[in-house]
Amino acid sequence: MYEWVDHTSELELHVDAASPEGVFHDALRALAELLGPAAGDPETRQLRFAAEEPDRLLWRWLDELVFLAETEGFVPDSAELLLDEEGLRATVTGRIGEPSPLVKGITYHGLAFEEMNGRYRARVVLDV
C-alpha cells in the first residue's frame, strides 16, 4: 500500500508493506502511476545495486527508474527482484512511451525505511 502526500514543489511517498521487497514493488507502482501509461511493446531492464542501508537502496532504486524514464522513455510496470545481503537485483518489465516529466529527482530529505511491528514502512520525497 502506498499514498502520496503533497508538499510545495515536492511529493512525499509513504509505503507500508509486509516485506522489504513489498516496499520496492509498491514504490515502483507509485512511480509508474506518476509517469503515466506507455503503449509500446514490453521490454525489460536488468538492475543491480550493491548492499547499502535499506533507505539508500530504495533511493537508488527510484533514482534509476526516474533516470530510465528520462533517458529512454521507459515506464516500469512490474519487477522480479531479489533483496539480500549482496544488495538488490531486479528484472524490471515496462514499456517505452512518453512519460510525464513531473519527477525531477529523488531527494535524501526525509528518506526513511524501517521495520515496525512486523511491517515495513518507507518515506521518500520526490522533487517535482
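Here we summarise the structure given alongside this text. Since this is a predicted model, take the numbers as computed values, not measurements.

Description of the overall build of the chain
- Secondary structure summary: the chain contains two helices and eight strands in total.
- The linear arrangement of helices and strands in the chain, starting from the amino end, is β-β-α-β-α-β-β-β-β-β.
- Over its C-alpha atoms the chain spans a radius of gyration of 14 Å, differing by no more than 12% from the 14 Å that the globule rule assigns to 128 residues.
- Once the C-alpha set of the chain is aligned to its principal axes, its extents read approximately 40 × 35 × 20 Å.
- Every one of the 128 residues in the chain was classed for burial, and the buried ones make up 42%.
- Long-range pairs, those at least 24 residues apart, make up 66% of the contacts in the chain between residues at least 6 apart in sequence.
- Of the accessible surface of the chain, which amounts to about 6800 Å², a share of 48% is contributed by carbon and sulfur atoms.
- Averaged over its 11 positive side-chain charges, the chain has a centre that lies 1 Å from the centre of its 26 negative ones.

Brief notes about helix H1 (residues 20-35)
- A rise of 1.5 Å per residue sets the reference length of H1, with its 16 residues, at 22 Å; its end C-alpha atoms lie 23 Å apart and thus fit the reference within 8%.
- Backbone geometry just downstream of H1 places glycine 36 in the positive-phi region, at approximately 90 degrees.

As for the sheet that holds strand E5 (residues 87-96)
- Spatially, three strands are ordered E3-E5-E4 in an open sheet, and the strand pairing comes out antiparallel. The open sheet terminates on both sides in strands that have one partner only, identified here as strand E3 (42-50) and strand E4 (74-84). In this sheet, neighbouring strand axes are inclined to one another by 20 degrees on average, regardless of whether the strands run parallel or antiparallel.
- In this sheet, E5 lies alongside E3 in antiparallel orientation, the contact comprising nine bridges. Opposite proline 42, over in E5, you have arginine 95 as the bridge partner.
- On the sheet, H1 packs against E4 and E5 and is oriented at approximately 170 degrees with respect to E4.
- Where helix H2 (residues 54-72) meets the sheet, it contacts E3, E4 and E5, and its direction lies at approximately 145 degrees from that of E3.

Examining the nonpolar core
- Counting residues in hydrophobic clusters, the biggest one holds 38 residues, and the most contacted among them are Leu58, Trp61 and Val92.
- Of all the elements in the fold, those that place two or more residues in this core are strand E2 (10-17), H1, E3, H2, E4, E5 and strand E8 (119-127).
- In terms of residue count, H2 provides more of this core than any other element does, nine residues in total.
- Contact partners of valine 92, with chain neighbours within four places excluded, come to Leu28, Glu43, Thr44, Arg45, Leu47, Trp61, Leu65, Phe74, Pro76, Ser78 and Ala79.

Cut-off values and rules
Residues numbered from 1 in each chain as written. Predicted model: local features only at pLDDT ≥ 70, side-chain atom pairs only at ≥ 80, totals over all residues. Heavy atoms only, no water. Helix = DSSP H or I, 4+ residues; strand = E, 2+ residues; numbered from the N terminus. Rg over C-alpha atoms; globule rule 2.2 N^0.38 Å. Buried < 20%, exposed > 50% of the residue type's maximum accessible area, 1.4 Å probe, protein only. Contact = heavy atoms within 4.5 Å. Areas by Shrake-Rupley, 256 points an atom, 1.4 Å probe, with all protein chains shown as cover. Lys, Arg positive; Asp, Glu negative; His and termini not counted. Charge placed at Lys NZ, Arg CZ, Asp CG, Glu CD. Expected span 1.5 Å × (residues − 1). Pairing = 2+ DSSP bridges. Axes fitted to C-alpha atoms, helices over the stretch in contact; angles between N-to-C directions. Core = buried A, V, L, I, M, F, W, Y, C linked by side-chain atoms within 4.5 Å.

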